[in-house]
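# Coordinate analysis (summary)
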Amino acid sequence: MKILAKSALRADQIAVRKSLAVDGIEIILLSEDMDNYSQALDKLRRAADDFSVVGLEAPCEDKDLVINPISDDIFQSRKSRDYLFRCVDLINGVKQGTDCEAYFQYQYSFDSFDQGKPRHGAARKILLERIVEFHHELQHRSDVPLQIENGTPIGIRKNQPMYLPVTAGMEEFGEMRIPLALDIAHLAISLYTWSKAVKDGELYRVATPLGSLSIEMSDAQSSAGAYIGESFFRGTFTRDTITAIINRFIHIYHDLIGSLQFSNAKPGVGTDVHDEGYAGMNGLLDVERVFREAIIPLNIPYVIPEYEEDDYLHPTHQRDAIEMVRRLQGTLSC
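Along each chain, residues carry numbers from 1 onward, in the same order as the chain's sequence is written. pLDDT decides what is reported in this predicted model: residues at 70 or higher carry local features, side-chain atom pairs at 80 or more are listed and counted, and totals for whole chains, interfaces and linings draw on all residues regardless. Note that water and hydrogens are dropped before the side-chain values are worked out from all heavy atoms of the structure.

Right, let's get into the pairing of strand β10 (residues 154-157). Two strands qualify as a pair provided DSSP detects at least 2 bridges between them. Only DSSP runs of H or I covering at least 4 residues are called helices, and only runs of E covering at least 2 are called strands; the numbering of each starts at the N terminus. As judged from the four bridges shared by β10 and strand β11 (residues 160-163), these two strands associate in the antiparallel manner. In the strand pairing of β11, Gly-155 is matched with Met-162. Hairpin connection, β10 to β11: the antiparallel pair is bridged by two residues, and Lys-158 has positive phi, about 55°.

Another aspect to go through is unusual backbone geometry. Positive phi, normally seen in glycine, also occurs at Asn-159, with a value near 65°. Relative to the elements of secondary structure, Asn-159 occurs in the loop between β10 and β11.

To continue, consider helix α8 (residues 238-253). The first and last C-alpha atoms of α8 sit 22 Å apart over 16 residues, in line with the 22 Å expected at 1.5 Å per residue. Think of it in three bands: residues with accessible area under 20% of the maximum for their type are buried, residues over 50% are exposed, and the middle band is partly exposed, with areas taken using a 1.4 Å probe on protein chains only. Burial in α8 covers these residues: Thr-241, Ile-242, Thr-243, Ile-245, Ile-246, Asn-247, Phe-249, Ile-250 and Tyr-253. Whether two residues are in contact is decided by their heavy atoms: any pair within 4.5 Å suffices. Lining the buried residues of α8 we find α5 (170-176), β12 (180-183), α6 (184-196), α7 (219-229), β16 (257-262) and α9 (287-295). Take the number of residues in a helix, subtract one, and multiply by 1.5 Å to get its expected span.

If you trace the backbone, Ser-77 turns up in helix α3 (residues 74-97). In this structure Ser-77 touches Asn-68, Pro-69, Ile-70 and Ser-71, once residues within four positions along its chain are discounted.

As a further point, take the nonpolar core. Residues belong to a common nonpolar core when they are buried Ala, Val, Leu, Ile, Met, Phe, Trp, Tyr or Cys residues joined through side-chain atoms within 4.5 Å. Counting 103 residues, the largest nonpolar core has Phe-104, Leu-191, Ile-246, Ile-250, Leu-260, Phe-262 and Phe-291 as the members making the most contacts within it. For Ile-250, the residues in contact, after removing those within four places along its chain, are Met-170, Leu-182, Ile-184, Ile-257, Leu-260, Val-290, Ala-294, Ile-295, Leu-298 and Ile-300. Counting residues in each nonpolar core, the second largest holds five residues, with Val-53, Tyr-103, Tyr-302 and Ile-304 among its members.

Right, let's get into the packing of helix α2 (residues 37-50) against α3. Geometry is summarised by axes, namely lines fitted to C-alpha atoms with helices restricted to the contacting stretch, and by angles between N-to-C directions that run from 0 to 180 degrees. Axis separation between α2 and α3 bottoms out at 9 Å; the angle between their running directions is 40°. When the interaxial angle is binned, α2 and α3 end up oblique. At the point where α2 passes α3, the crossing takes the right-handed sense. Residues Tyr-37, Ala-40, Leu-41, Leu-44, Arg-45 and Ala-48 of α2 lie in contact with α3, whose contacting residues are Arg-86, Asp-89, Leu-90, Gly-93, Val-94 and Gly-97. Taken together, the residues of the contact of α2 with α3 break down into seven nonpolar, two polar and three charged. Throughout, the term roughly parallel applies to angles under 35 degrees, roughly antiparallel to angles over 145, roughly perpendicular to angles from 65 to 115, and oblique to all others. Two helices that cross are described as forming a left-handed crossing if the nearer one is turned anticlockwise from the farther one by less than a right angle, and a right-handed crossing if clockwise. The residue classification treats Ala, Val, Leu, Ile, Met, Phe, Trp, Tyr, Cys and Pro as nonpolar and Asp, Glu, Lys and Arg as charged. All others, Gly included, are polar.

Geometric descriptors of this kind do not, in isolation, establish any biological role.
Put into structure tokens, the structure is as follows:
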């Protein structure tokens, strides 16, 4: 298991991460990073001079484009596909020009709501087939391993609540047999959302700070949500139940996990920027327990702390998280 620092594609941020004594770095592209392709490639290659592993993460949106390569909107689909193809070309350029290990990860992004209900028209099975087809096309173009990150059922894009019909649950990656970039904070938020969902016809309704929104849920997701919702009556804290479920998922699907982003998450359903990235101990997850019982024993290839910072040039939460992982590694190896 290798520990990677997290950084934006900024020379000063990348330089600071060298002091964290990690094995590599995962770099998130931000809006306008791809405007100057040669400059972006040069920055990534410079990072590869200092880190033996370089992971590249595509954003969920770039300027006014929500990245969704399988959207029913032809313009959005084409622009998203072009963007992701350019990202793959970028990481190929890093791999071809350096000796580093490299990978690329992206998300299948969101669809819109229409009066609080999902607007997309395709069935879940069709969406999964489209994702598999596109991922294989993208992988065929890539010189490095590709992964898809799990999202949350609801998120904010372009300042509006938007909906993720598939890839919030790990079982869908098992069905697709596609490598997973697991974000345990996203998964915790997904589980919490499913626990708050109420059956409403063919859909489920969730109360959010932005109003009542409807989501689709599989039978497995509904069962997991009900189990979490009932945990209080069994005398179990919600955090312990969500942590146990995530540990079980990691054990079941560990062979698909190419990388794992971790942080804690405040209780919420993804409509507030503060739902994830919480650096304390009282969120939805017992992060140390997940490392002790699942991540370290199963030797997940890459783990990446993804915490909010007051100052990204002084990543104190990230440093503390890395020290926590190192401590647990030492304890479990004794």
